[in-house]
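# Working through the structure, step by step
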Amino acid sequence: MSLFSIWGTAIPSTAIAAELPPTPKREGVTPRNVVFILTDDHRYDAMGCAGHPFLETPHLDSIAENGAYVKNAFVTTSLCSPSRASILTGLYTHKHGVIDNNRAVPQGTLFFPQYLQRAGYATAFIGKWHMGGHHDDPRPGFDHWISFRGQGNYLPPGPKYTLNVNGERVKQKGYITDELTDYAVEWLDAQKPDDQPFFLYLSHKAVHSNFTPAERHEGRYADEDLGFLPRGDDLTAENNTPRWVRDQRNSWHGIDFSYHSARGLDYLYRRYCESVLAVDDSVGRVLNKLKEMGVHDETLVIYMGDNGFMWGEHGLIDKRVSYEESIRVPMLMQCPELFSGGKQIENVIGNIDVAPTILHAAGLSKPAYMDGRSFLQMPTDPDMSWRDYFLYVYYWEKNFPQTPTQFALRGDRFKYITYYGLWDTDELYDLTVDPTETNNLIHDPDYSSVAKEMEERLYAMLAEKGGMDIPMNQPAGRSNNKRWAKRDGQQAAEFPAAMVVEEPLNKQAN
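Residues numbered from 1 in each chain as written. Predicted model: local features only at pLDDT ≥ 70, side-chain atom pairs only at ≥ 80, totals over all residues. Heavy atoms only, no water.

### Examining the nonpolar core
Side chains of nonpolar character tend, in soluble globular proteins, to be buried together. Residues Ile126, Leu200 and Trp311 are the most contacted members of the largest nonpolar core, which totals 60 residues. Those elements giving two or more residues to this core turn out to be strand S3 (34–39), helix H1 (58–66), strand S5 (122–127), strand S7 (162–165), helix H5 (176–189), strand S9 (198–203), helix H7 (265–293) and strand S10 (300–305). Leaving out residues up to four positions away in the same chain, Trp311 has contacts with Arg43, Phe211, Leu229, Pro230, Leu265, Leu268, Tyr269, Tyr272, Leu316 and Ile317. Counting 50 residues, the second-largest nonpolar core is a separate cluster that includes Ala85, Met331, Cys335 and Ala355. (Core = buried A, V, L, I, M, F, W, Y, C linked by side-chain atoms within 4.5 Å. Buried < 20%, exposed > 50% of the residue type's maximum accessible area, 1.4 Å probe, protein only. Helix = DSSP H or I, 4+ residues; strand = E, 2+ residues; numbered from the N terminus. Contact = heavy atoms within 4.5 Å.)

Rendered as structure tokens:
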């Protein structure tokens, strides 16, 4: 078996199943069918079961009712390609090397469905891949393949636009959320689970911008009151809010110049919520198909978002940053034969844990190189030993230069955020009393020991995982670096108060 290296970490490379690293069978575990449904930019609380004030998601809510709501699910990088790579590899971002949306998957990277294939599973990928946008050819680990290049399109942009269906060009017929669901239900209908277990990976384009609801849902929430959305009013230099955050308010990812449009936050948010509705319809159709097949109760279903989304918090929209709304994602799972419904999991679960969990459901142990762990038994064993901290990284992109390279350590109580190559303040938050992360404690002497301990732990984890080198990409595409003059776009933000002194500090200089 050969090896290749990503940022100093040796990862197995393989061309044939016989060379795959071992995944010993788990004694007493019956291999189960698995359906994994992934959405794009679906925020953690944009579901009825998460307490949303008006969004209707009865089918997603049913998974929580029949299974478990994973309350604290996070991603290693809040960005499409890095998060998807972590899901498929079980690795932290700086180990799999897919650091942004332009970086192709390194040659030889292993995806966990390859282990399922070796174990006799039928496997299918249907939807958005978005790791290396130069082609949409079938990737390793999947017998059945339906995808498209890059972000894809909610509606066909022209009469010649096509999807890749098992290597053939097939025209996209209509609204992509519904069409991908059609393909998924069709594939499920062809399975014979008594003869061969199956794994379906349904990966939606929705609810990525430009938010486009299905025609049947357009305008559903046009009159809803959006007074609950934050507007970034508590961002001040006196509160030691980082300068870059306050500057970013007037940017592509800020609420004053969102996506460089004059449409505004409320318009975008309503379209976003309406786009979620077709995803919920899709989940309902898949669950109904499992019932028709007679395998609903024995099948593990996991629903997840690939990253979170900001809707006015810290004056921002979109993702990338280390704040809760950006790195936290919706996650639900059910398997009635394994655990009863109505469970709520409090532990910090990561996208790196998806691969080990699905392998566990298949009766397999994870390969030794994976960073994640299985949480399949957590609904019945909530006190099982688990991680103390979760590591988050984001690497600067020239396409979106307003967001700096950052590293964060997220624990049950505190979050520590530090920046690389930036003249600004770091951050520390006590999430138990400050869930909105507005009271930066990094300069509070009462918390200096906490900040130092978390800084040391963060860099120790980076060093252990091979992440002390900063990866770089040659820039690709345009840079969304404009500011709107109408919203004080010519003025930079003030420095955080703790960084400004009244008197010189060096008393020895002449």
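Picking up where we left off.
### Brief notes about the sheet that holds strand S18 (residues 414–419)
Pairing is antiparallel across the open sheet formed by four strands, whose spatial order is S16-S17-S18-S19. Here the strands that pair on one side only, and so sit at the sheet edges, are strand S16 (389–394) and strand S19 (427–430). Strand-to-strand twist in this sheet, taken as the mean axis angle between neighbours without regard to direction, amounts to 10 degrees. Both S18 and S19 contribute to a ladder of four bridges, which runs antiparallel. (Pairing = 2+ DSSP bridges. Axes fitted to C-alpha atoms, helices over the stretch in contact; angles between N-to-C directions.)

### A short note on the state of the cysteines
Where two cysteines share a covalent bond between their sulfur atoms, that bond is called a disulfide. Inspection of every chain in the model, using the stated rule, returns zero disulfides. In this structure Cys80 is a free cysteine whose sulfur lies 18 Å from that of Cys273, the closest cysteine sulfur available. No disulfide involves Cys273; its nearest neighbouring cysteine sulfur is the one of Cys49, lying 14 Å away. Take Cys273: its relative accessible area is 0%, and that puts it in the buried class. (Disulfide = S-S within 2.5 Å.)

### With respect to the pairing of strand S8 (residues 168–171)
Sheet topology note: the S7/S8 ladder contains four bridges and is antiparallel. Bridge pairing in S8 places Leu163 opposite Val170. Between the end of S7 and the start of S8, which pair antiparallel, lie two residues, with Asn166 showing a positive phi angle near 55 degrees.

### Quick word on unusual backbone geometry
Across the junction of Ala206 and Val207, the peptide omega takes the value 10 degrees, indicating a cis bond. Inspection of the secondary structure assignment puts Val207 in the loop between S9 and helix H6 (243–248). The linkage connecting Ser209 with the following residue, Asn210, adopts the cis geometry, with an omega of -5 degrees. Following the sequence through the fold, Asn210 ends up in the loop between S9 and H6. The phi dihedral of Asp318 is positive, around 75 degrees, even though this residue is not glycine. As for its placement among the helices and strands, Asp318 is situated in strand S12 (residues 317–318).

### Re the packing of H5 against H7
Two elements in contact, H5 and H7, have axes whose closest approach is 10 Å; the angle formed by their N-to-C orientations is 10 degrees. Considered as vectors, H5 and H7 are oriented roughly parallel to each other. Taken together, the residues of H7 that come into contact with H5 (itself represented by Thr177, Asp178, Thr181, Asp182, Val185, Leu188 and Asp189) are Ala278, Val279, Ser282, Arg285, Val286, Lys289, Leu290 and Met293. In terms of residue class, the contact of H5 with H7 is made up of seven nonpolar, three polar and five charged. (Parallel < 35°, antiparallel > 145°, perpendicular 65-115°, else oblique. Nonpolar A, V, L, I, M, F, W, Y, C, P; charged D, E, K, R; others polar.)

### As for the confidence of the model for the protein chain
On average, the protein chain scores 93 in pLDDT, and the residues at 70 or more come to 96%. Residue range residues 1–15 is modelled with pLDDT below 50. Its contacts to residues more than four positions away, or to other chains, number 47 contacts. (pLDDT = per-residue confidence, 0-100.)

### Notes on the pairing of S16
Most of S16 is tucked away: six of the six residues are buried. The alternating pattern of S16 places Tyr389, Leu391 and Val393 and Phe390, Tyr392 and Tyr394 on opposite faces, both of which are buried. Pairing geometry for S16 and strand S17 (residues 406–411), over six bridges, is antiparallel. What sits directly across from Tyr389, in S17, is Gly411.

### Topic: the environment of Ala476
Looking at the secondary structure, you find Ala476 in the segment after helix H10 (448–464). Taking the C-alpha atoms as reference points, Ala476 and Lys398, separated by 78 residues in sequence, lie 8.0 Å from one another. Beyond its immediate sequence surroundings of up to four residues, Ala476 is in contact with Asn102 and Asn399.

### Digging into the side chain of Thr299
Following the sequence through the fold, Thr299 ends up in the loop between H7 and S10. Within the local environment of Thr299, its side chain forms a polar contact with the backbone oxygen of Val295, the two atoms lying 2.6 Å apart. Every residue in contact with Thr299, bar those within four places of it in the chain, is listed here: Asn33, Val34, Val35, Phe198, Leu290, Gln334 and Cys335. (Polar contact = N/O pair within 3.5 Å; in protein donor to acceptor, adjacent residues only side chain to side chain.)

### Remarks on the packing of aromatic side chains
Considering all chains together, one arrives at 35 aromatic pairs under this definition. Where Phe125 meets Trp145, the ring centres are 4.9 Å apart and the plane angle is 20 degrees; that geometry is what we call stacked. With Phe125 in strand S5 and Trp145 in strand S6 (residues 144–147), the pair connects residues that are 20 residues apart, well separated along the chain. We classify Phe125 as buried; its relative accessible area is 1%. Taking relative accessible area as the criterion, Trp145 reaches 1% and is therefore assigned buried. If you follow Arg243 out to its NZ or CZ, it ends over the ring of Phe495, 4.1 Å from the centre. Over the face of the ring belonging to Tyr267 we find Arg263, whose NZ or CZ atom lies 4.3 Å from the ring centre. (Phe/Tyr/Trp six-rings, centres within 6.5 Å; stacked < 30°, edge-to-face > 60°. Lys NZ or Arg CZ within 6 Å of the ring centre and 35° of its normal.)

### Topic: the packing of H1 against H7
Running from N to C, H1 and H7 point in directions that differ by 55 degrees, and their axes come no closer than 7 Å. By the angle between their directions, the pair H1 and H7 is classed as oblique. Judged by residue contacts, Pro58, His59, Leu60, Ser62 and Ile63 of H1 engage Asp280, Asp281, Val283, Gly284 and Leu287 from H7. In terms of residue class, the contact of H1 with H7 is built from five nonpolar, three polar and two charged.

### Some details on helix H2 (residues 80–89)
Of all 10 residues in H2, 10 are buried; the element is thus mostly enclosed. Of all the positions in H2, only Cys80, Ser81, Pro82, Ser83, Arg84, Ala85, Ser86, Ile87, Leu88 and Thr89 are classed as buried. Each element contacted by the buried residues of H2 is listed here: S3, helix H3 (93–96), helix H4 (113–118), S9, S10 and helix H9 (354–361). Following H2 by one or two positions, Gly90 has its phi on the positive side, about 75 degrees.

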